[in-house]
Amino acid sequence: ADSNGEGIDSVLTELETATRLNKLSDIFARNLAHARLLKVGEQLQNEAVNPADLASLVEGSFTEAERAVALSPNNVVNYSLLGDIFRELAPLASNADILAIQAYTQAIDLSPSNPKYQVSLGRAYLARVDQLAILVESEDKELAAEAVEAQEQSLTLAVEAFEKAVELKQDYASARYYL
C-alpha cells in the first residue's frame, strides 16, 4: 500500500489485518507500531484532532512495539523501535523518556558494537533533558533544583553515549553532530 502511494490509513488497515492473521510475527507488530507512530505525527498536524483518538494511537503504538519485543526478545531492531517510539512520544506520555532509555540500553546489550544504538541512547537522554525543562520552571524550589540536577546528569550521560559511538566508529557523523 505504501509503495503504491496509498495513505497511512490504507497501510494501517493492511498491517492490522496482517497482525490479526499472524499474531506471532514480530515483523508485523513492529511495522504496525511504526505506522501508528507515523499516524500520530500526522494527527498532531491536525488542529481538530480528537484527543481520545490520538491517545488510542499512542497506546496502540506502544502496545504493538512491546508485543514485537515480547515475540522476539533477542531482536535488537524491536528494542530500537520501542525506544524510538517512546522517545518520539515522550511529550505525550509520562515516563516515556525513561522507557526509551531502557529500550536503547537493551538494544546496546544485544548489539554492543553498533554505534547507532549509542546515538539513539544519547538522543533519549536529550529528550529527558527536554522533559525535565518543565520541572525546572517549577515554583517549588526543591523540585526545580532536583530537575536541574537530573538535566545535568542526563546531559553527561548523553555525551558519554555519543562519545562511545565515536569510539566504536570514528567517522560516525550523527554521533559527532550531537556532540
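Residues numbered from 1 in each chain as written. Predicted model: local features only at pLDDT ≥ 70, side-chain atom pairs only at ≥ 80, totals over all residues. Heavy atoms only, no water.

### Comments concerning helix 2 (residues 26–44)
Piece 1. Here helix 2 is 19 residues long and its end C-alpha atoms lie 27 Å apart, about the 27 Å a rise of 1.5 Å per residue gives.
Piece 2. Of all the residues in helix 2, the buried ones are Asp-26, Ala-29, Arg-30, Leu-32, Ala-33, Ala-35, Arg-36, Leu-37, Lys-39, Val-40 and Gln-43.
Piece 3. Along its buried surface, helix 2 packs onto helix 1 (8–21), helix 3 (51–71) and helix 4 (76–88). (Helix = DSSP H or I, 4+ residues; strand = E, 2+ residues; numbered from the N terminus. Expected span 1.5 Å × (residues − 1). Buried < 20%, exposed > 50% of the residue type's maximum accessible area, 1.4 Å probe, protein only. Contact = heavy atoms within 4.5 Å.)

### Some remarks on the confidence of the model for the chain
Piece 1. Model confidence for the chain is summarised by a mean pLDDT of 95, while 100% of its residues fall at 70 or above.
Piece 2. Model confidence for the chain, summarised as mean pLDDT per element, is weakest for helix 1 at 94 and strongest for helix 5 (residues 96–110) at 97. (pLDDT = per-residue confidence, 0-100.)

### Remarks on the pattern of salt bridges
It is possible for side chains of opposite charge to pair when their charged atoms get near one another.
Piece 1. Counted under the stated rule, the structure contains 10 salt bridges.
Piece 2. A salt bridge links Arg-36 to Glu-16, with the nearest nitrogen and oxygen atoms 3.3 Å apart. Highlighted residues: Arg-36 in helix 2 and Glu-16 in helix 1, separated in sequence by 20 residues.
Piece 3. On the basis of relative accessible area, Arg-36 is assigned to the buried category, the value being 14%.
Piece 4. Close ionic contact of Arg-67 with Glu-64 constitutes a salt bridge, the shortest N to O distance being 3.0 Å. Linking Arg-67 with Glu-64, this pair stays in helix 3, spanning 3 residues, or about one helical turn.
Piece 5. When its relative accessible area of 23% is taken as the criterion, Arg-67 is described as partly exposed.
Piece 6. Residues joined in a network through salt bridges with shared partners are Asp-84, Arg-87, Glu-88 and Arg-123. (Salt bridge = Lys/Arg side-chain N within 4 Å of Asp/Glu carboxyl O.)

### Things to note about the layout of surface pockets
Piece 1. Of the pockets and cavities examined, the largest pocket occupies roughly 170 Å³.
Piece 2. Residue lining of the largest pocket: Arg-87, Glu-88, Ala-90, Pro-91, Arg-123, Leu-126, Ala-127, Asp-130, Gln-131 and Tyr-178, and that is the complete set.
Piece 3. Broken down by secondary-structure element, the contributors of at least two residues to the lining of the largest pocket are helix 4 and helix 6 (115–136).
Piece 4. The greatest single-element share of the lining of the largest pocket, amounting to 5 residues, is contributed by helix 6. (1 Å grid on protein atoms, 1.4 Å probe; cavity = no way out; pocket = protein on both sides within 12 Å on 5 of 7 lines; lining within 4 Å. Points joined across faces, edges and corners; volume = space filled by probe spheres on them.)

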